[in-house]
Amino acid sequence: MRKAFIAGNWKMNMTAKTGSEFIKQIAPLVKDADCDVAFCVPAILIPAMTEAAKGTNIAIGAENVHWEKSGAFTGEISSDMLKEYGVKYAIIGHSERRQYFGETDEGVNKRTLAALAAGITPIVCVGETLSQRKSGDTENVVRRQLEEGLKDIDDITKIVIAYEPVWAIGTGVVATDEQAEETIAFIRSEIGRIFCPKCAENIIIQYGGSMNASNCKGLMAQPDIDGGLIGGASLTLDFAKIVNYNK
Ligand code: PEP
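Residues numbered from 1 in each chain as written. Predicted model: local features only at pLDDT ≥ 70, side-chain atom pairs only at ≥ 80, totals over all residues. Heavy atoms only, no water.

Participant: In this structure, what is going on with the nonpolar core? I would like to understand it.
Facilitator: Considering soluble globular proteins, one finds that nonpolar side chains tend to be buried as a cluster. One finds Ile23, Phe39, Ile58, Leu150, Ile161, Ile187 and Tyr207 to be the most contacted residues of the largest nonpolar core, which totals 64 residues. When neighbours within four sequence positions are excluded, Leu150 is seen to be in contact with Asn109, Val124, Gln145, Ile156, Ile159, Ile161, Ile191 and Phe195. Counting 13 residues, the second-largest nonpolar core is a separate cluster that includes Phe5, Cys40, Ile91 and Leu229. (Core = buried A, V, L, I, M, F, W, Y, C linked by side-chain atoms within 4.5 Å. Buried < 20%, exposed > 50% of the residue type's maximum accessible area, 1.4 Å probe, protein only. Contact = heavy atoms within 4.5 Å.)

Given below as structure tokens:
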């Protein structure tokens, strides 16, 4: 049985003050969740958010991680720096990183391997753009992202995959339950092909892209969807409704 996992992605939002207040407000609303719960937050907020989440069932994650442990990489954050604060997850290969900061599948692979080596669970994002979907390329794009981004991983079940169609992120246009299920089932079968059938059964695959309190039930009812990566709706108390989707 796979345990559901709902994670927020704060992107470049909140401050230490507003974020801490928010965690304190939402903690009692998610305390009885049956799923794993996390907020992935800007690096500078990690010390304050780990402090605010102490004693709760909320884990804190990062929004990226570099592949080297230290060195001349201005603006980057290493796994050792994250580990010091008990960071449990790191989003890797988010489409905004790919689109605006030139991140490649090769970089995604290096970051993923570094996170795993440090005991941080990577949340590896894959997904197609609107034009790729329109030209029937969704599966080819996702297959390439999986093959290139997940090379040389010993135990693939130690990562989480987030299927995030780029056209659904921050647009208010959510994938239909069927669209999300179809591609996530494809991702699961690819994990079976590239790694092993048992791995496909056990790996957690989230959906991400305009998921909110109103559409989460339908998405979460799909057999291959194990959770959500939530952007906009993770900045409001509605996030608790998503976490409690089964209540
Ligand atoms: C995201 O950024 O990962 C995301 C899914 O954003 P939103 O929920 O706002 O579409």
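Participant: In this structure, what is going on with the site of the ligand? I would like to understand it.
Facilitator: Surrounding the ligand, one finds 14 residues, the nearest of these being Lys11, Glu164, Gly170, Ser210 and Gly231. Considered on its own, the ligand offers 290 Å² of accessible surface; in the complex 95% of this is hidden by protein. Considering only residue class, the shell around the ligand consists of four nonpolar, eight polar and two charged. (Near = heavy atom within 4 Å. Areas by Shrake-Rupley, 256 points an atom, 1.4 Å probe, with all protein chains shown as cover. Nonpolar A, V, L, I, M, F, W, Y, C, P; charged D, E, K, R; others polar.)

Participant: Explain the pairing of strand β8 (residues 227-230) here, please?
Facilitator: Each regular strand displays side chains that alternate between the two surfaces of the sheet. Residue alternation in β8 divides its side chains into two sets, Gly227 and Leu229 and Gly228 and Ile230, and both sets are buried. As defined by bridge partners, strand β1 (residues 5-9) adjoins β8 across four bridges and the pair is classed as parallel. Directly across from Phe5, in β8, lies its bridge partner Gly227. (Helix = DSSP H or I, 4+ residues; strand = E, 2+ residues; numbered from the N terminus. Pairing = 2+ DSSP bridges.)

Participant: How do you make sense of the environment of Asp105 when you look at a structure like this?
Facilitator: Within the secondary structure layout, Asp105 lies in helix α5 (residues 105-117). Assessed through its relative accessible area of 10%, Asp105 is described here as buried. In sequence terms Asp105 and Leu146 are 41 residues apart; their C-alpha atoms lie 8.4 Å from each other. Setting aside chain neighbours within four positions, we find Asp105 in contact with Arg98, Arg144, Gln145, Glu148 and Gly149.

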